[in-house]
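Given next are the chains, with one letter for each unit.
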Amino acid sequence: MNKFNLNTFQLNKWLFFTFNNININNDDIKNSVIIPSIDSFKKEVIEPLLGIGTINENMKVNIIAKAYNGNTFKSIIPLQTLETKDILLLRDVMLGHYNTFHADNYIIEDFKELVFNFRILSYDFIPNIKPKLLNVEDHINFKYKVFFDKISNVNLPLTMDLFQWGNIKFNYNFTCADLNIDGLEYHFILHNNYYECYINTINDNNLIIFRDTLLDRSGQDLTHFKREILRKWSVVKLFIYNDYQLIFKAKKHYPSFLKKVKKVDHLSNKLMTIDIETKVTNGKMEAICISIFDGKIKKSFFIDDFLTSEEMIIRAIKYLNKPKYNGFKVYAHNFSSFDAIFILSRLVKNAKLEIKNRDGVLIEIKCRFSRNVSITFRDSYLLLPSSLDSLAKNFIKENKNLFPYDFVNKTNLDYNGDVPNISYFNDISQDEYLSYKSSFNNNKWNLKKETIKYCESDVILLYRVIRKFATRIFNLYHVDVLKYPTLPSLAFAIYRSNFLNEIWNISNLDGEIYKFISRSYSGGHVDLYYHQNNDNEKVYRYDVNSLYPYSMMNCSMPTGYPIQFEGNILDNEIYDIVANTFNLNERYGFFESNIETHKDLFIPIILKKIKIDKVGYRTIAPLGKWTDVYHSEELNNALKYGYKYTTNKGYLFNKGYIFKDYVNSLYELKKSSNSGEPNYIISKLLLNSLYGRFGMNPYYLKSELLSNTELDNYIYLNDNIHIYDKLELSDNLNLISYYKEDCNDKYDKSNNVNVAIASSITAFSRI
């Protein structure tokens, strides 16, 4: 910045004079800022130059005044031209401009300096230039004070009357106009009831493109209009104004969309199964047997071959640390809640772990033993949520072996004697017990031998069940089960590879959109009005056949770009504008609404989650008045039962039927199979597993193994860490899941979630 220096002054050169002796008084801006600054400019610039004869009092001055807040400059007045002898006239000009344009948009407290950018012109610079003081009245033809709305860091007037914008210049036939404000160039292309405007910087860099369209039908009220902010000629923001007031605004979000995944041409064979049998000793559970099966070789470890249970577990882990097992998925049934406790505390000493834990459920543990050996532990129950006994009967037509679980806790591990009594077996008939007992010669039963046999039988059964399940899924959909750790993730992969059409534009929602819409996501509505019937009174009960799949198939789901809005979307005139602007087909979405019911409504149908001290969140169906987020269709349905609602913010979507083929295909598979057959089970599992995958929380939780001391540090010394779950693995080892506030990756962008779809399915099901 070229500051004013009397000794280096040159005619026709732009210079700066800074006034920073500001004694701010909001009640008297004229006397606290404007008059002192002009007087100082006159005293320190004009008078000294006149005194030494460098200029005379008839020379012209170009001058602009800017306020500086320590970071940025903002023009107080546009360029003025006057003679040096009239410099004090700037007082009224500056005061008029400030009061008209800047008082509400640039508060006085932000003033650090007032800077005058000026030049004094020689007589021969532009010989015939005339003084021109741009008072407010001279360059603005206004009836009211002009209000502004700040959009993309640019203050735009809330009127289509361009004469109120500034010193605008029209071409000869009034089809174009230009304006310069605060160093920005405005280029207007004019039409009958609208104009387009391009705002450029001095360097011709495009800053913003917008279109204003008159909404007043009479064509007289230039303050009733819509303003559309454009990006590549697509509307990204919409503002509706009336009488200098913003009455509605909307914004188009641009999330990524769900993509198809390729089908596979072969199944992975890198499958292993593991099982752990336990015994309670002195009130503490310990592992006594581990069996592993890789499809060909079975290997077992029993506790009496080792000094301790821990040594046995470590030996089993080392058995898996082989190059030939690199990339294998190792499944245990109920691994998440049981076997993991024994495995994890030992794995951490032998491998580098990557743990996936969601909502307190251990999804998988990836163990890297070395550069060449990495295996992943998974819970087969998360893939096939049924007992191993039931799975074996249904998938491979075999029964799980019998075993006296309770007997192991009552006797020594070296037991060799009579077959344990029937009381030690669970859910066994007398005939089954007698058959089991007769299978032992001389009625001798060895605990070690039978434990190993039972454990090995389980891992072989589990292996065969998973392989049969994987083969059926591959034959039906060409999807590899081993790529997906849970049933919802498998259902999601089947949907994406076989049924997804990318033209539906299914959004991936996270961040603030997820937080807002998830407030509407609730499950079923169950009320009990009478808990007993009268004597001899029949009670009828009803069930719905595949309610969620029915809603998925027959009801419209939110698709396309989410349109965020603030304002009364229930106003038909406003909604028509929004629908036409963003190409919406219905007033459909999720609204934060003020709800009101009759206080004598017998069966309320709209739910609300409330927080109760020391209890947590509970779902109720309230009466009276309250505010929450709901699906638009559920709100409209409630109107039929006496509800009233208003809304002022939310998200709009287009509608699409995106699950018809998926549900139809699985329902046909179910109808063509007998109950209990693999295809019947597969269809039921996949029908009811997909919707929840869309509603999965995208919140990115990290997992770590911590000692008690390390855990205390996380709890008490890290205010930005919030612990969501803790699993105690041993006396001094904990698996925790936590969220770190200052972490950049707050949301897992790879999750492909859309809570709007999940919430729609449950809302339509309640309806």
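Structure's up top.
Calculation notes
Residues numbered from 1 in each chain as written. Predicted model: local features only at pLDDT ≥ 70, side-chain atom pairs only at ≥ 80, totals over all residues. Heavy atoms only, no water. Phe/Tyr/Trp six-rings, centres within 6.5 Å; stacked < 30°, edge-to-face > 60°. Helix = DSSP H or I, 4+ residues; strand = E, 2+ residues; numbered from the N terminus. Buried < 20%, exposed > 50% of the residue type's maximum accessible area, 1.4 Å probe, protein only. Salt bridge = Lys/Arg side-chain N within 4 Å of Asp/Glu carboxyl O. Pairing = 2+ DSSP bridges. Contact = heavy atoms within 4.5 Å. Axes fitted to C-alpha atoms, helices over the stretch in contact; angles between N-to-C directions. Patch = residues over 30% accessible without salt bridge, like charges linked within 9 Å, V, L, I, M, F, W, Y side chains within 5 Å. Areas by Shrake-Rupley, 256 points an atom, 1.4 Å probe, with all protein chains shown as cover. 1 Å grid on protein atoms, 1.4 Å probe; cavity = no way out; pocket = protein on both sides within 12 Å on 5 of 7 lines; lining within 4 Å. Points joined across faces, edges and corners; volume = space filled by probe spheres on them. Nonpolar A, V, L, I, M, F, W, Y, C, P; charged D, E, K, R; others polar. Disulfide = S-S within 2.5 Å. Core = buried A, V, L, I, M, F, W, Y, C linked by side-chain atoms within 4.5 Å.

Help me out: how do you make sense of the packing of aromatic side chains in this one?
Two descriptors summarise a pair of aromatic rings, namely the distance from one centre to the other and the angle between the planes of the rings. Going through the model one piece at a time under the given rule, you end up with 43 aromatic pairs. Between Phe17 and Phe41, the ring centres sit 5.6 Å apart and the planes meet at 70 degrees, which makes this aromatic pair edge-to-face. In this pair, Phe17 sits in strand S1 (residues 15-19) while Phe41 sits in helix H1 (residues 29-51), placing the two residues 24 residues apart along the sequence. With a relative accessible area of 6%, Phe17 lands in the buried category. Relative accessible area serves as the criterion here: at 1%, Phe41 is assigned to the buried category.

Whenever I open this one, the pattern of salt bridges confuses me. Can you help?
For side chains bearing opposite charge, pairing can occur when the charged atoms are close. The full count for this structure, using the stated rule, is 23 salt bridges. Between Asp458 and Lys400 there is a salt bridge, with its nearest N and O atoms 3.1 Å apart. On the criterion of sequence distance, the pair formed by Asp458 in helix H9 (residues 447-477) and Lys400 in the loop between helix H6 (388-395) and helix H7 (405-408) is long-range, its members being 58 residues apart. With a shortest N-O distance of 3.1 Å, Glu592 and Arg519 are connected by a salt bridge. Residue Glu592 is found in strand S25 (residues 589-596), and its partner Arg519 is found in the loop between helix H11 (511-518) and helix H12 (547-554); the two are separated by 73 residues along the sequence.

Sorry, what's going on with the sheet that holds S25 here?
Taking strand neighbours across the sheet as the criterion, the twelve strands line up as S7-S8-S9-S10-S11-S12-S13-S14-S24-S29-S25-S28 in an open arrangement whose pairing is antiparallel. At either margin of the open sheet sits one strand with a lone partner, and together these are strand S7 (169-170) and strand S28 (625-631). Pairing of strand S12 (residues 225-231) with strand S13 (residues 234-242), which is carried by seven bridges, proceeds in the antiparallel orientation. Pairing of Lys226 across the sheet is with Ile240, part of S13. Strands strand S24 (557-567), S25, S28 and strand S29 (644-656) of the sheet are contacted by H11, whose axis makes an angle of about 120 degrees with S29.

Help me out: how do you make sense of a nonpolar patch on the surface in this one?
Together, Tyr529, Tyr530, Phe602 and Ile603 line one region of the surface with nonpolar side chains, adding up to about 500 Å² of accessible area. You can see Tyr530 is positioned in the loop between H11 and H12. The exposed category is assigned to Tyr530, whose relative accessible area is 68%.

I would appreciate a short explanation of empty space enclosed by the protein in the present structure.
A water-sized probe rolled over the atoms picks out the places where empty space is left. According to the stated counting rule, one finds three cavities of 30 Å³ or more in the structure shown. Around the largest cavity, the lining residues are Arg519, Ser520, Tyr521, Ser522, Leu607, Lys608, Lys609, Thr619, Asp628, Tyr630, Glu634 and Arg766. Elements that contribute at least two residues to the lining of the largest cavity include exactly strand S26 (608-612) and S28. Counted by class, the lining of the largest cavity contains three nonpolar, three polar and six charged residues.

Teacher, can you tell me more about the sheet that holds strand S16 (residues 284-293) here?
Each strand in a sheet pairs with another by means of backbone hydrogen bonds, the pair being arranged parallel or else antiparallel. Taking strand neighbours across the sheet as the criterion, the seven strands line up as S17-S16-S15-S18-S21-S20-S19 in an open arrangement whose pairing is mixed. Lying at the two open borders of the sheet, with one neighbouring strand each, are strand S17 (298-302) and strand S19 (352-358). Between one strand axis and the next, the sheet turns through 25 degrees on average, direction left out of account. As paired elements, S19 and strand S20 (residues 361-370) share seven bridges and run antiparallel to each other. Each residue of the ladder has a partner; that of Ile355, found in S20, is Ile365.

Explain the state of the cysteines here, please?
Note on terminology: disulfide describes a covalent bond linking the sulfur atoms of two cysteines. Tallying each qualifying case throughout the model produces zero disulfides. The structure places no disulfide on Cys289, whose sulfur is separated from the nearest cysteine sulfur, that of Cys455, by 4.2 Å.

Explain the environment of Ser489 to me, please; I cannot follow it from the model alone.
Along the chain, Ser489 turns up in helix H10 (residues 487-498). As a C-alpha pair, Ser489 and Asn751 span 262 residues in sequence and 9.9 Å in three-dimensional space. Once residues within four sequence positions are removed from consideration, Ser489 is found in contact with Tyr484 and Arg693.

Hey, could you run me through the nonpolar core in this one?
A general trend in soluble globular proteins is that nonpolar side chains are found buried together. Of all hydrophobic cores here, the largest spans 68 residues; its most connected members are Ile473, Tyr495, Ile517, Phe659, Tyr662, Leu686 and Phe694. The element that contributes the greatest number of residues to this core is H9, accounting for ten residues. Leave out the neighbours within four places in its chain, and Tyr495 touches Leu258, Leu500, Trp504, Ile506, Ile658, Phe659, Tyr662, Leu690 and Phe694.

What's the story with H6 in this structure? I'm lost.
Since there are 3.6 residues in each turn of an α-helix, residues three or four apart along the chain are aligned in direction. Taken together, the buried positions of H6 are Leu388, Leu391, Ala392, Asn394 and Phe395. Looking one or two residues past H6, Lys397 carries a phi angle of roughly 55 degrees, positive in sign.

Read these as spatial facts, not as claims about activity.
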